[in-house]
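Residue-level listing of the chains:
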Amino acid sequence: SYPARSVYKLKEMDKRFSLLKPGMKALDLGAAPGSWTLYAAERVGSKGVVVGVDLQETETKFPEQVRFFVDDVFEPRAGFLGALKEYAPFDIVLSDMAPKTTGNKFTDQARSMNLVEEALALAHNCLINGGNFVVKIFMGPDADAYRHELMQHFRSVKTFKPKSSRSESKEIFYVGLGFKGGQDA
Ligand code: SAM
């Protein structure tokens, strides 16, 4: 079993877009409490690697192919940066990061945009050529511009809308397939 219900979203995207395979290296941004990390670890298996990072610590027990770091993607410290260096290029970058919501929709959307831009910057730096990118974004006026930005970096960009529970009804995922850039294997 998984520590958060949100695992179903990654499962569904994995089914639809064949994202995770044995032996892959995955980077999971906003990884706590650890459902996506755990699911990704199962899918990549013991020959793969999952590097997870979150502001929050987690109690989840991960298999040994997981490296989990408590850190802020905006101010990464040596441990997380070292793991990025060690394992890059990654086959896939996942971001389920979400800001603490304030209830002010302008503030929340602006914070969501900062997170997705940072996720894209990280993906840009450490994705393998042809790699994939999954990112959660709040629907809003900037989401479309961001999708266009993704289209410049990926061969195709899909939109995934999870079957919504009310509190999450504003979130969608963009899936960038086939990174145009980055290093070869
Ligand atoms: N995918 C996770 C799972 O399945 O267990 C759930 C992720 S939760 C919806 C969003 C996470 O993003 C929160 O745990 C939050 O701490 C994290 N987050 C938000 N801003 C962050 C930042 N600047 N750096 C790292 N993590 C961040």
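The structure we're discussing is the one just above.
Basis of the calculations
- Numbers given to residues run from 1 along each chain, matching the order in which its sequence is written.
- Local features in a predicted model are, by the rule used here, given only for residues with pLDDT of at least 70; side-chain atom pairs are given and counted only at 80 or more, and totals for whole chains, interfaces and linings are based on all residues.
- As a convention, hydrogens and water are excluded, and side-chain values are obtained from all of the structure's heavy atoms.
- Near, as used in this document, describes a residue that has one of its heavy atoms within 4 Å of the molecule or strand being considered.
- Pairs of N or O atoms are called polar contacts if they sit within 3.5 Å, as long as, within protein, a hydrogen donor faces a hydrogen acceptor (for residues adjacent in sequence, only side-chain-to-side-chain pairs).
- In this description, accessible areas are obtained by the Shrake-Rupley approach with a 1.4 Å probe, and a residue is regarded as covered only by the protein chains that are shown.
- Using protein atoms alone on a 1 Å grid, points that fit a 1.4 Å probe yet trap it form a cavity, whereas open point sets bounded by protein on both sides within 12 Å along at least five of seven lines form a pocket; residues with an atom within 4 Å of a point count as lining.
- Whether a molecule sits in a cavity or pocket is decided by its atoms, more than half of which must lie within 2 Å of the grid points.
- The cut-offs for exposure are 20% and 50% of the maximum accessible area for each residue type, with area from a 1.4 Å probe on protein chains only; residues under the lower value are buried, those over the upper are exposed, and the others partly exposed.
- For the purposes of this entry, the term helix denotes a DSSP run of H or I that reaches at least four residues, the term strand denotes a run of E that reaches at least two, and both are numbered from the N terminus.
- Grid points are joined across faces, edges and corners, and a volume is the space filled by probe spheres set on the points.
- Polar here means any residue other than Ala, Val, Leu, Ile, Met, Phe, Trp, Tyr, Cys and Pro, which are nonpolar, and Asp, Glu, Lys and Arg, which are charged; Gly is therefore polar.

Enquirer: How do you make sense of the site of the ligand when you look at a structure like this?
Expert: Contacts to the ligand come from 21 residues, most closely from Gly34, Ser35, Asp54, Asp72 and Asp96. Within the side chain of Ser6, an N or O atom sits 3.1 Å from an oxygen atom of the ligand. In the environment of the ligand, an oxygen atom lies 2.9 Å from a nitrogen or oxygen atom belonging to the backbone of Gly34. Expressed as a share of its isolated accessible area of 610 Å², the protein-covered part of the ligand is 87%. Taken atom by atom, the bulk of the ligand overlaps the largest pocket.

Enquirer: Is there a simple way to think about helix H2 (residues 35-44) in this case?
Expert: One turn of the α-helix equals 3.6 residues, which is why residues spaced by three or four share an orientation. Among the 10 residues that make up H2, 8 are buried, leaving the element largely enclosed by the rest of the structure. Every buried residue of H2 is listed here: Ser35, Trp36, Thr37, Leu38, Tyr39, Ala40, Ala41 and Val44. Positive phi appears at Gly45, one or two residues downstream of H2, with a value of about 75°.

Enquirer: Can you walk me through empty space enclosed by the protein in this structure?
Expert: In this approach, a probe sized like a water molecule rolls over the atoms, and the result shows the empty space that is left. Under the counting rule described, the total for this entry stands at 1 cavity of 30 Å³ or more. Taken as a whole, the largest cavity holds about 50 Å³ of empty space. Broken down by element, the lining of the largest cavity gets its largest block of residues, 3 residues, from helix H4 (residues 105-126). Here the residues of the lining of the largest cavity sort into 5 nonpolar, 3 polar and 1 charged.

Enquirer: Would you take a moment to explain the side chain of Lys136 for this structure?
Expert: Mapping Lys136 onto the fold places it in strand E5 (residues 127-138). Judged by relative accessible area, which is 9%, Lys136 ranks as buried. A polar contact of 2.9 Å, which involves the side chain of Lys136, links it to the side chain of Asp96. Only 3.4 Å separates the side chain of Lys136 from the side chain of Glu171, close enough to count as a polar contact.

Enquirer: Teacher, can you tell me more about the layout of surface pockets here?
Expert: Its volume calculated, the largest pocket comes out at about 620 Å³. Forming the walls of the largest pocket are 26 residues, and the residues nearest its centre are Asp54, Leu55, Met97, Ala98 and Pro99. With 3 residues, H4 is the largest single contributor of residues to the lining of the largest pocket. By residue class, the composition of the lining of the largest pocket is 13 nonpolar, 6 polar and 7 charged.

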